[in-house]
Amino acid sequence: TVSTMSADDQNVIERACNTLQRYYLTYRADGKKHEYEEGKFVEWCDEFGIDEDLLMEEAQQDPDESMLPDFDPDGFPLEREYTKDEESEKKQEILKIMQKCIYNPDTIWLGEAQLPHFNDALFVLNNDDMNLTKESYETQCPVLWNAGIHSDLSFLQILAVGQKEKF
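Residues numbered from 1 in each chain as written. Predicted model: local features only at pLDDT ≥ 70, side-chain atom pairs only at ≥ 80, totals over all residues. Heavy atoms only, no water.

Visitor: I tried to follow the environment of Lys164 on my own but got confused; where do I start?
Guide: Considering the arrangement of structural elements, one finds Lys164 in helix H7 (residues 153–165). The class of Lys164 is partly exposed, set by a relative accessible area of 35%. Residue contacts for Lys164: discarding those within four places in its chain leaves Val124, Leu125 and Asp129. (Helix = DSSP H or I, 4+ residues; strand = E, 2+ residues; numbered from the N terminus. Buried < 20%, exposed > 50% of the residue type's maximum accessible area, 1.4 Å probe, protein only. Contact = heavy atoms within 4.5 Å.)

Printed below as a string of structure tokens:
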């Protein structure tokens, strides 16, 4: 199971570990579920003496110099198989995935996102929901706002539902 510890209670390594675990559990390019034991990345970091500072340094290294692409060399799920001649490309792809886990622990992997249950309650909004959406879009998208989005109430309602439901 993925850790239920809040992000505030976790360090960078633990958050990356949980994100990597979600990656393994949702990756099915080869039609099978990949194994990932809980805490696997944390244990690997402990084994090689990698603390948060070193992890950040390793994430910035060239793929052929970084230790991160060496994590789970035989079991790391990738989009395709790599030949021995493509080892550098394989390391680059693994490092990119590891960087996402480190820098963007809230990454949603393909196959992980779920649509909300569509029912009448999904579309129930109060004035606070609508006002929050109006304020957000007026501030974050002034060009769209000033082009007339503020007067399209149906579109604003759709945006408010998305903002309220976080999708």
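So that's the structure; there's more coming.
Visitor: What's the story with the pattern of salt bridges in this structure? I'm lost.
Guide: In total, this model carries four salt bridges according to the counting rule given. Lys40 is the partner of Asp72 in a salt bridge, and the nearest nitrogen-oxygen pair spans 3.1 Å. Remark: Lys40 occurs in helix H2 (residues 40–47) and Asp72 occurs in the loop between helix H3 (52–60) and helix H4 (87–103); sequence separation between them is 32 residues. For Asp72, a relative accessible area of 16% corresponds to the buried category. (Salt bridge = Lys/Arg side-chain N within 4 Å of Asp/Glu carboxyl O.)

Visitor: What am I meant to see in H3 here?
Guide: An α-helical segment advances 3.6 residues per turn. Residues three or four places apart therefore align on the same side. Leu55, Glu58 and Ala59 are the residues of H3 that are buried. On an axial view of H3, the arc spanned by its buried residues comes to 100°, and they lie on one face. Those residues of H3 that are exposed and aimed more than 90 degrees away from the buried face are Asp53 and Gln60. Considering only its buried residues, H3 is in contact with helix H1 (12–26), H2 and H4. Regarding H3, its N-cap is Asp51, as a side-chain oxygen of that residue lies 3.3 Å from the backbone nitrogen of Asp53 further along. (Arc of directions from axis to C-beta. Polar contact = N/O pair within 3.5 Å; in protein donor to acceptor, adjacent residues only side chain to side chain.)

Visitor: Mind showing me how you'd approach the side chain of Arg22 here?
Guide: Relative to the elements of secondary structure, Arg22 occurs in helix H1. A distance of 2.8 Å separates the side chain of Arg22 from the backbone oxygen of Pro105, its partner in a polar contact.

Visitor: I'm lost on the packing of aromatic side chains in this one. Help?
Guide: Under the defined criterion, the tally for this structure stands at nine aromatic pairs. Ring geometry for Tyr23 against Tyr24: centres 6.2 Å apart, planes inclined by 80°, an arrangement best described as edge-to-face. Between Phe41 and Trp44, the ring centres sit 5.8 Å apart and the planes meet at 20°, which makes this aromatic pair stacked. Residue Phe41 and its partner Trp44 are both found in helix H2; the two are separated by three residues, about one turn of the helix. Put simply, the rings of Tyr23, Tyr24, Phe76 and Trp109 pair up and form one aromatic cluster. A cation over an aromatic ring shows up here: Arg80 above the ring of Tyr82, its NZ or CZ 4.1 Å from the ring centre. (Phe/Tyr/Trp six-rings, centres within 6.5 Å; stacked < 30°, edge-to-face > 60°. Lys NZ or Arg CZ within 6 Å of the ring centre and 35° of its normal.)

Visitor: Help me understand the confidence of the model for the protein in this model?
Guide: A low pLDDT means the predicted coordinates there should not be read in detail. In this model, the protein carries a mean pLDDT of 86, and residues with pLDDT of at least 70 account for 87%. Taken together, the stretch residues 1–8 has pLDDT below 50 and engages in 12 contacts with residues farther than four places along the chain or on a different chain. (pLDDT = per-residue confidence, 0-100.)

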